[in-house]
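So you can see what is in the structure, the chains are spelled out below.
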Amino acid sequence: MAADQAKDARQAELRASVISELPNVDFVLGYAKGFDPLHATPITVRSEKDAARLIFDATCVQNLTTGLYGLKGKRIGLVVKGCDSRSVVQLLQEKLVERSELVIFGMPCDGVLDLAKIRVRTDITQVRGAEVTGEEVRLLLPDGPKVLPRRDVLADKCLRCRYPNPIVSDHLIGQELTPQGAEDTYADLDGFEKLSPQERFDFWKRQMSRCIRCYACRNACPLCVCKHVCLADSRDPHWLSAEATLQEKWLFQVMHALHLAGRCTECGECQRSCPMGIPILLLKRKMNRELKELFNYEAGVDPEAVPPLHTFLMEEDKIKDRGQLW
Amino acid sequence: MRIGVMVCHCGNNIAATVDCEAVAAAAREFPDVVYATDHMYACSDPGQKTIEQTIRDLKLDGVVVASCSPRMHEMTFRRAVERAGLNRYMFEMANIREHVAWISLDRKRNTQKATDLVRMAVEKLRVDRPLTPKSFDVQKRVLIVGGGVAGIQAALDCADGGLDVLLVERKASIGGIMSKLDKTFPTIDCSVCVLGPKMVDAGQNPRITLHTCSEVEEVSGYVGNFEVKIRKRTTYVDWTKCTGCGACQEKCPSRKVPDAFNENISLTTAINIPFPQAIPKRATINAAHCIRLTKGKCGACAKICPTGAIDYEMQDEIITEKVGAIIAATGITLFDHTRLGEYGAGRYPDVVTSLAYERMLSASGPTAGHIKRPSDGREPKTVVFISCVGSRDRSVDRPYCSGFCCMYTAKQAILTRDHIPDSKAFVFYMDIRANGKGYEEFVRRAQEEYAVEYVRGRVAHIYPTAGPDGGQLMVRGADTLLGAQVEVAADLVVLAVGAESSTGAPELAEKLHISYDHYGFFMESHPKLRPVETNTVGIFLAGACQGPKDIPASVAQASAAAGKVLALLSKDKLESDPQIALVQAIRCIGCGKCERTCPFGAIRMRELRDGSKRAEVVETVCQGCGICSVTCPVRAIQLQHFTDSQLLAEVNALCRTWDETTES
Amino acid sequence: MQDMGRDYRIIGFLCNWCSYGGADAAGVARFSQPTDLRIIRVPCSGRVDPMFVAKALLSGADGVLVSGCHPRDCHYTEGNLYARRRLEMLRRFLPVLGVDEGRFEYIWVSASEGSRWRDMVTKFTDKIHQLGPMPRMTEPARTLCALDGMLGQSLAQPDMTQPGQPVLPDWSKPAPPLTPRADAMLSMSDIAGIAPETKGDGNGR
């Protein structure tokens, strides 16, 4: 119950804070209750009445910074979690949004739910209510409550979260949290890389063959700011054809990963939004791991940082000169 | 589109290992190809005529020639298609000689590979677009960096050709190393007597502006329109008033200043004119040794100066000049022998460098032409010369041959025997490199006529020993011809130090955007065919800055560079290469990443009326590297003639060929 | 070296100023080299988009070689230094796609290093011959992987739910009303390629 009270107090603080800023912004992007107890939905808050709908809990999975670039020129209020704030930082670093146009409501966050994980444990269409407490998630089902350990249904990114507190914010709502996640061990990547190249190639072949080229991954990505002129749709340069071949689908994902090199904050929206459940975040995690190793660089942490691929050193510390080795 | 393909036999060069008829036959099946033939020599006059005629007859709008490397004949064929009325960029070349015929004898595979390469070229040509160069005005002025013999020669030639010349020299006088030499090989004529008149000419020519005590601070712009900032270091003497009378030098009380012109073997005054023939003959104050500037009192020179030229408050000045071309003629410095412990690392005063010895030999030098040991002033009777000091020596990272040391060593040995007839001269050498006109004969004269003793071998060790008339130096080395160890008790040891790139050469290269090698020597554009050009258009090389050279070679290259500059600036307008980056404004999202990565500052961000930004390429500054293309997240900036679509066409052409030839 | 009676598919991207000249120099010196490599000329290694390499490898190239000027020698002073970072990143990234890391290499060869170019091409070609041809897109996937759910349960895939032997869904029975993550099924064409009894019957093609 104490947890509930704390949650309610935080929502009240958020609403009050949003209302106080309403005169200064065109609108505020936040979360409201969705169509069932496990879903939150993004809303635009323009009035006090809208503000009363604002919530913040473990169902607020969406990264609201997506689309921020398209709102350039407007003054926007934005509710962000720790991980979402890294997307904001990255956009600021690339000068794609103006800090002065943003009012950020920072929400320290101890993890959001992964619906896919709940789905393999229960029929989520039957869930009538949900409560998240410190260690467990209590689902109300027609045939009685079902209790799941919270760690089992948290999103993967939350289990390794090192930035529970927003890196940028104008209004910090609630108490700052101590990061729970240790260094990212990349156990998933390590496991995957133990497979032979042929197995890996076949894995992606199967995965990519399921792609329906809906571009949900691209559209959900907060850093895919060039959607309106995306290379995937362009005739000149003609990188991809409209054919639904395995090769084109696969190349699109490679293209997405390469474009996000040094930019991706691993918010995971691409993978979450994929209707076919293709593990595309793995590609980006690989890229990030190598960039960290090569250039000791992490995207979306420092708005003043120089992106590693837009600079160079005369003598690179970690790059051995090629062509000497063989 | 109507494409014509010509496959060249290059005599037997290609046809011996590639079935040219088969390649032409295969090319006829490629999309848009309306004509394909093979020819004995495509680059010959009849070959080019055939191309022109076919373009006219068949109304072709693109041509592929499969022959040698485009680095060889691309321009030849571009001009040919242009004569027939096509845009010169509607031409592609497939390299089937260097990359196919010459590297493998397997005729079947070679023919397949040549066909693939022709197909790539055809596919690229299908997405090529005509490009038109833009013309721009040029500055008919040239900047020459370095006032040694190469710089002076280049300046005189350019001025003769009618160009205004800015000659920038770091030291107080032009003349360079040659002005320090006593005599020159192989004629033994007086160095400064040959150079002097040229220096005077350079000083008096109305078209030449000398900037001595000056250095290039910054270079921007492009061929025809460089903007150069020159830092004129303070001399504390107003040169417009100074007459070079030398009265100040006589009065200056600070008389213990090492004389750099005399390789620091003598002393001079804090205010001085470096040498009698200096151009411009003006005094400068050495601030580190001037009593007035270090301690605040004195002022003797200001009191004596008849024109009131001394100005202790003088500051560095930076001037900006516009020039159309630049010649780098920064020359060399000499290897620092104090790095070598076996020769005493500079501890023995009687081990001197060849250039210091040259000053001793010179009648205008500190000893007035009498050879004296620096330690006790005695005339040496045994002089040992050691060649290859800092040349051909991997242990000090100087594996190259400096080229001129063998010759000046022979000259100095001859002069030694000349000045002191009862002396003995020994030369320790590795090999004699005397490959110039009259050079070998000159070395022979030293050996035969002047009885200079040549010992083939390296010196292992020099150590002091007590001689009959005071201290001597024992030179111990091997005689590899005799297979024995030799020891010579020498009164004086002269080290034939090798050449190194001039101090600060890499920094200058970076300012000029030209490349330099591991040793700091500037890189020519092509080692054989473009030896005075650099890879940056409008910047040329003269003299030893490009690699160690003796005087005749430096002068020859200087005149060559001047000729290149005169040819370049003989035009009133230059054409810019259209193979540069171009922004598709409709795709640009204004993120500015291209601006950040452009090495030439050729990209500007332009603000639109709605406040959004678009990248814009400054056409004349862009060099066409394409770094921006890859940086751009939407590939909105594309390098013309190497666009994504064009390169993709080549990649796709290959992948498709493979699918067709291997899937069956 | 395995000889298939035809060339392997190797694409080279060479900068115009150094490496293309180096390859020319190797030709002029008549250095014998394997014929597999097809060279695309670019102005600078900085122009080589990592995407070209990815595109080539996914379009059927068996190997891609990029060569530029030695660091510090770039005609454009900085192009190869940017290229070095981009290409190193790509080199490390490609293995996750199942592209063997040996299939892509970037090297520095100057215009005067004809013999070095010959050595590099020969070694690279040998390596590609050892690796064999790149798996083709049109071939059915031949392996399954028992990933033991290590990609997280949110990505539970039919071929990675159980440790040990991978289990395929039984397509003969009607689908259960609510299969977890039903959207993550293999496509029919893949199954045809994997299932042992259908192997080689031409369905996979």
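Higher on the page you've got the structure.
Model, not experiment: these values are computed from the prediction.

The rules behind the values
- Per-chain numbering applies: the sequence of each chain, read as written, is numbered from 1 onward.
- Chains carry letters and ligands carry numbers; both start at the beginning, A for chains and 1 for ligands, and go up in the order they are written.
- Local features in this predicted model are restricted to residues whose pLDDT is 70 or higher, and side-chain atom pairs enter the listing and the counts only when it is 80 or higher, whereas totals over whole chains, interfaces and linings include all residues.
- No hydrogens and no water enter the side-chain calculation; it runs on all heavy atoms of the structure.
- Only DSSP runs of H or I with at least four residues qualify as helices, and only runs of E with at least two residues qualify as strands; both kinds are numbered from the N terminus onward.
- Burial classes follow relative accessibility: with a 1.4 Å probe on protein chains only, a residue under 20% of its type's maximum area counts as buried, one over 50% as exposed, and anything between as partly exposed.
- Should any heavy atoms of two residues lie within 4.5 Å, those residues are counted as being in contact.
- Strands pair, by our definition, only if DSSP identifies at least two bridges between them.
- Interaxial angles span 0 to 180 degrees and are taken between N-to-C directions of axes, which are lines fitted to C-alpha atoms, for helices over the stretch in contact.
- When two rings of Phe, Tyr or Trp (its six-membered ring) have centres within 6.5 Å they constitute a pair, described as stacked for plane angles under 30 degrees, edge-to-face for angles over 60, and tilted for the intermediate range.
- A positively charged side chain is recorded as over a ring if its NZ (Lys) or CZ (Arg) lies within 6 Å of the ring centre. The angle to the ring normal must also be within 35 degrees.
- Buried area adds together the accessible area that both of two parts lose upon being put together, with accessible area traced by a 1.4 Å probe.
- Two N or O atoms form a polar contact when they lie within 3.5 Å of each other; inside protein one atom must be a possible hydrogen donor and the other a possible acceptor, and for residues adjacent in sequence the pair counts only when both atoms belong to side chains.
- Residue type decides the class: Asp, Glu, Lys and Arg count as charged, Ala, Val, Leu, Ile, Met, Phe, Trp, Tyr, Cys and Pro as nonpolar, and the leftover types, Gly among them, as polar.

1. Observations concerning the environment of Met 134 of chain C
Then comes step 1: Here Met 134 of chain C lies in the loop between helix H4 (114–131) and helix H5 (188–194).
Then comes step 2: Residue class for Met 134 of chain C comes out buried when judged on its relative accessible area of 3%.
Then comes step 3: Counting along the chain gives 80 residues from Met 134 of chain C to Ala 54 of chain C, while the straight-line C-alpha distance between them is 13 Å.
Then comes step 4: Apart from the residues lying within four places of it in its own chain, the contact partners of Met 134 of chain C are Phe 201 of chain A together with Leu 57, Ala 61, Asp 62, Val 99 and Arg 103 of chain C.

2. Observations regarding the sheet that holds strand E3 (residues 62–67) of chain B
Residue and element names in this part refer to chain B.
Then comes step 1: Ordered in space as E2-E1-E3-E4, the four strands form an open sheet in which the pairing is parallel. Whereas interior strands pair on both sides, the edge strands pair on one side only; in this sheet they are strand E2 (33–39) and strand E4 (91–95). If you compare each strand with its neighbour and ignore which way they point, the axes differ by 15° on average.
Then comes step 2: Bridge count between E3 and E4: five bridges; the pairing is parallel.

3. Description of the packing of aromatic side chains
In this description, a pair of aromatic rings is defined by centroid distance and the angle of the planes.
Then comes step 1: Evaluation of the coordinates by the stated rule reveals 22 aromatic pairs over all chains.
Then comes step 2: Pairing Tyr 31 of chain A with Phe 56 of chain A gives two aromatic rings, centres 6.1 Å apart and planes at 65°, and the pair type is edge-to-face. Within this pair, whereas Tyr 31 of chain A is found in strand E1 (residues 27–33), its partner Phe 56 of chain A is found in the loop between strand E3 (54–55) and strand E4 (76–81), the two being separated by 25 residues in sequence. Considered together, Tyr 31 of chain A and Phe 56 of chain A belong to a single accessibility category, that of buried residues.
Then comes step 3: Considering the side-chain rings of Phe 185 of chain B and Tyr 439 of chain B, the 5.3 Å spacing of their centres and the 85° angle between planes classify their relative orientation as edge-to-face. Here Phe 185 of chain B is found in the loop between strand E8 (183–184) and strand E9 (189–190), whereas its partner Tyr 439 of chain B is found in helix H13 (residues 439–448), with 254 residues between them in sequence.
Then comes step 4: For Phe 185 of chain B, a relative accessible area of 15% corresponds to the buried category.
Then comes step 5: By way of ring pairs, the aromatic residues Phe 192, Phe 203 and Trp 204 of chain A are connected into one cluster.
Then comes step 6: A cation over an aromatic ring shows up here: Arg 41 of chain C above the ring of Tyr 20 of chain C, its NZ or CZ 5.6 Å from the ring centre.
Then comes step 7: The positively charged end of Arg 118 of chain C is found above the aromatic ring belonging to Phe 31 of chain C, 4.3 Å away from the centroid.

4. What to know about the interface of chain A and chain B
Then comes step 1: Each partner contributes residues to the interface: chain A has 19 residues there, and chain B has 16 residues.
Then comes step 2: Taken over both partners, the interface formed by chain A and chain B buries close to 1,600 Å², and the fraction arising from carbon and sulfur atoms is 58%.
Then comes step 3: Taken as a group, Val 229, Trp 239 and His 310 of chain A account for 34% of the area that chain A buries against chain B, more than any other trio of residues on that side.
Then comes step 4: The tally of links from chain A across to chain B stands at eight residue pairs in polar contact (both at pLDDT 80 or more).
Then comes step 5: When grouped by side-chain class, the residues that make up the side of chain A that touches chain B number eleven nonpolar, five polar and three charged.

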